[in-house]
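Overview (structure and organization)
So the chains spell out like this:
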Amino acid sequence: MARRARDPESRPDPDALLALTAREGRGRLKVFLGAAPGVGKTFAMLQGARRLAQDGVDVVIGLVETHGRSETADLLAGLEILPRRPVDHHGRALLEFDLDAALARHPALLVLDELAHSNPAACRHPKRWQDVEELLGAGIDVWTALNIQHLESLADVVARITGVTVRETVPDKVLQQADDVVLVDITPDELIARLHDGKIYIPETARRATQNFFTPANLTALRELALRRTADRVDDQVADFARGQALEGPWGTAERLLVCIGDDARADHLVRYASRLAIGLNATWLAVHMIRPGADGDPARQTQIMNTLRLAERLGAETTQITAQDFAADLIRLARRENATQIVVGQAQASLTRFARRSLADRLIRDSGDIAIHVTPTQGPPPRRTWTPAAWLSRTGLAFDAIAAAASTALAIAFGHLLGVWLTLPNVSMIFLAAVLFCALRRGTRAAVLAAMLSFFGYNFFFIEPRHTFTVAAPHEVFALLVFLVVAILTGSLAGRVRHQAETVARRASATQSLYEFTRKMSAASTADDVLWAAAAHINKTFAARALLLVPDKDDLQLRAAWPPEEHLDAGNRSAAQWALTKGEPAGWRTQTLPNLTMQYRPLRSPRAILGVCGFGPAESTHELGSEDERMLAAILDQTAIALDRALLVDEAIKVAALQENESIRDALLASLSHDLRTPLATITGAVTSLRELGAQMSEEQQRELLQSIEAESARLSRFVANLLDMSRIESGALKVRRDWVDVGDAVRGAVERSRKAFPQNPTNLSIEPGLPFIRGDASLLEQVLFNLLDNAHKYAGDVGAIVHARREDGNVLISVTDEGPGIRPADLERIFEKFYRGGRNDGRRAGTGLGLSICRGIVNSMGGTIEAQSPAIRRRGTRMVIRIPVAEMPANGGVA
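Here's a quick rundown of the structure. Chains are numbered independently. Their residues run from 1 in the order of the written sequence. Where local features are concerned, this predicted model is filtered to residues with pLDDT of at least 70; where side-chain atom pairs are given and counted, the filter is 80 or more; whole-chain, interface and lining totals use all residues. Side-chain measures were taken over the full set of non-hydrogen atoms in the model, leaving aside hydrogen atoms and water.

**Quick word on the pattern of salt bridges**
Salt-bridge detection follows one rule: a side-chain nitrogen of Lys or Arg within 4 Å of a carboxyl oxygen of Asp or Glu. Counted according to the given criterion, the structure contains 33 salt bridges. Among the ionic pairs, Asp 367 bridges to Arg 366, the shortest N-O distance being 2.9 Å. Exposure remark for Arg 366: the relative accessible area of 48% places this residue in the partly exposed category. Three labels apply to residues, based on accessible area from a 1.4 Å probe with only protein chains included: buried if under 20% of the type maximum, exposed if over 50%, partly exposed otherwise in between.

**What to know about unusual backbone geometry**
Despite not being glycine, Asn 339 shows a phi value in the positive range, around 60°. Checked against the element boundaries, Asn 339 lands in the loop between helix H13 (327–337) and strand E12 (342–346). The exposed category is assigned to Asn 339, whose relative accessible area is 60%. The phi dihedral of Leu 594 is positive, around 50°, even though this residue is not glycine. Under the scheme used here, helices are H or I runs from DSSP no shorter than 4 residues and strands are E runs no shorter than 2 residues, and both carry numbers assigned from the N terminus.

**Side note on the sheet that holds strand E11 (residues 318–323)**
A pair of strands is labelled paired if DSSP reports no fewer than 2 bridges between them. Strand order in this open sheet of five strands is E11-E10-E9-E12-E13, and the pairing throughout is parallel. Of all strands in the sheet, those with a lone pairing partner are E11 and strand E13 (372–376), marking the two edges. Direction aside, the axes of adjacent strands within the sheet are offset by 25° on average. Across six bridges, the pairing between strand E10 (residues 284–291) and E11 is parallel. By the bridge assignment, Val 288 is partnered in E11 with Thr 320. Throughout, a residue-residue contact means that at least one pair of heavy atoms, one from each residue, lies within 4.5 Å. Only the contacting stretch of a helix is used when fitting its axis, a line to C-alpha atoms as for every element, and angles between N-to-C directions run 0 to 180 degrees. Sheet contacts for helix H11 (residues 267–281): strand E9 (256–261), E10, E12 and E13; angle to E9, the most-contacted strand, approximately 175°.

**Looking at the pairing of E12**
Counting buried residues in E12 gives four out of five residues, a clear majority hidden from the surface. Direction of pairing for E9 relative to E12: parallel, over a ladder of three bridges. Bridged to Val 259 within E12 is Val 344. In the sheet, E12 pairs with E13 via five bridges, with the strands oriented parallel. When the sheet's bridge partners are listed, Gln 342 is paired in E13 with Ala 372.

**Examining the packing of helix H27 (residues 779–797) against helix H28 (residues 852–862)**
With their axes 10 Å apart at the nearest point, H27 and H28 run at an angle of 150° to one another. Comparing the axis directions of H27 and H28 gives the class roughly antiparallel. When you trace H27 past H28, the crossing you get is left-handed. Across the interface between the two elements, Leu 781, Val 785, Asn 788, Leu 789 and Asn 792 from H27 touch Gly 852, Leu 853, Cys 856, Ile 859 and Val 860 from H28. Each residue receives one of three labels: charged for Asp, Glu, Lys and Arg, nonpolar for Ala, Val, Leu, Ile, Met, Phe, Trp, Tyr, Cys and Pro, and polar for the others, Gly being one of them. Here the contact of H27 with H28 is composed, by residue class, of seven nonpolar, three polar and no charged. Angular relationships are summarised with four words: roughly parallel below 35 degrees, roughly antiparallel beyond 145, roughly perpendicular across 65 to 115, and oblique for the angles in between. The handedness criterion is simple: a crossing whose near helix is rotated anticlockwise from the far helix by less than a right angle is left-handed, and one whose near helix is rotated clockwise is right-handed.

Okay, here's the thing in structure tokens:
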């Protein structure tokens, strides 16, 4: 059959290519799936492992349970078996799979039986499938076995079919992400026959199993589930392959589900139903829990909500919690924002409120428009709680509401009687209305409604004729009493709602203010230590919880406590923190990795990388964090990661700038060496060659000129080397400046005389104020500075020459060297004092090595003075170098210091 040609315009699906890229470096997972125990999963798995071992593949048995079956035990002969790890579990020593030993051995293929197994508390992960995930991440191929009843989304279905509740489950994503799924299948009759033959359980256990779990009806239903799930997995593999190869073929539009979950145990069934629906549609899905503003659920319900959301995450869903007043409208709005095509909700329970208002499902069906609505029946009766009046009143807070309502009503009655002694009141209902409003503002809507009911009866009993009975004589009083009841309930309800909303606004304003203050602290923090200290202090203050910040060492990437720096972690906490750093997943308290710890470790993730780990120890480890606290903690950690990243980037920028500066200095040095060494050497070499080869033919005048050029270029080389040595001595601190009494006039005259000898054709004019005071410094170094300045002036001014002034100005001696050259650009007046900088002249020339002025500034600064350049921005032409050195008064003993 001819293969259909691929459309040249078609391209592989980018998501499929990204999925393939994400699998690079990971091990491959093969799952041997069966409908029930005893179908031969382990046997088939070991047979395949033996074949690979005979072909030279490095196969290691991590753990295999033979359950006393001799034919299974025989297949282990000749295969390397990893020793088990002894683990203490409630005083009993258990032999468990050694994950660390398997990672250290790192075989090509590891055989690990019973994927759904639960590990003891001392192990790193509570579930074996998490051990498998870590092995796959380390690049180890894994073969494992699984029964269909252990899939998380099918747990409730299996419980309804078999009557047996499955305790050990595996998230569906593990099977969905497996590279290969092998269905090991036999008929129910064959499986029951194996059971009777004693090949699965011992006789007594087998007899009980045939009466409960291993019935033909149960096995047939489980077999159907296994076949369907395997077929779904094969369909997914075919679709992924086709998309990756850009093959055409009718692919349905992407579906996305939104499931709304409640706060009781029945929500687990809704989550599993949505997971099965998403798998069947090959769709992504989002689980959302909605709460009303100001609704503070009790800790038990909050824990149930978080457990249900975690179940949804294990089944592959995204999860979120939102605050909403109108559930139906906000749910539809969220569905449209998330591009959900179907909404899944549970069927409302029968109650009296169903007659008063529409249920959530009814409103969704009415208002959803083009979004499909799935209403699934809730399985079983509502969860039973041990009920006692005291426990119920304590849990709901009704006792305090009733006390507040009764006290307010009693005070209203007493106040009404007290006023009646002096005043004739035609109507005291306003007093009772005030009591209702008081309860609404202090306790909320429920207390207000109770106060309204009590006020209704109290008003009737004590103030309406005939008094002290509930009988109403006048018809208009009945009407007034009913109006009072309605107004009191409405007013109390509105006031209670306003109170709840005010509390919610105040709580959110406080959280926003706290986050704002923290953001300001992060903005002001300039170093990584400041960021970590501020974060730890803010977490401790906000949540009254223990906070620990850890960052990796640069050398070995092992975590160290950054704040508090003296904190020491035990082995378990260090393992959890290292897991959060390397895997980018939370570990510790209330997570899937080392959940028995009292601290939870979360990665500090920036856009660049994971920069560290935050350890968080809640004050009440028995309760979950509330949704608002969870959002606040996540925001604090995000801000911490961003600020820490910024501080590290600043450090890196400083280092990069220093490297660039060193690089530019190196380049300038090489350029200077190549120019200022090559030019005089070339002149000297040429003159020497001419004298050697043509000396007899030259006149004495020509020979003298060549010798003078040799002498001049040698002096130039000497000055260049001296400048390099001086610069090196200044930077290393080896330059020792004497603190002698220096006559500035003598130093200036000496420098001018050297300049006139070096540049006889260029005039140098000198002006010295009589009676210049002495300074403390080094006369020879000061003379060298002035000579360097004159050298620069003659190079750029040419035949015009230079002018030197020395005078007293305030408490300083001022020495200036002025030339009439092209001047220096204003932007470069400071840069010319940098090492190897030779630009800045208005005529574009780059003479010299670029070290002279840098040496001059270093020497003048070491004598306590300053040097600056002035050019056309200040003067009309040329350049003036100005030196200021503090005056030193001569002692009275004639100069002896």
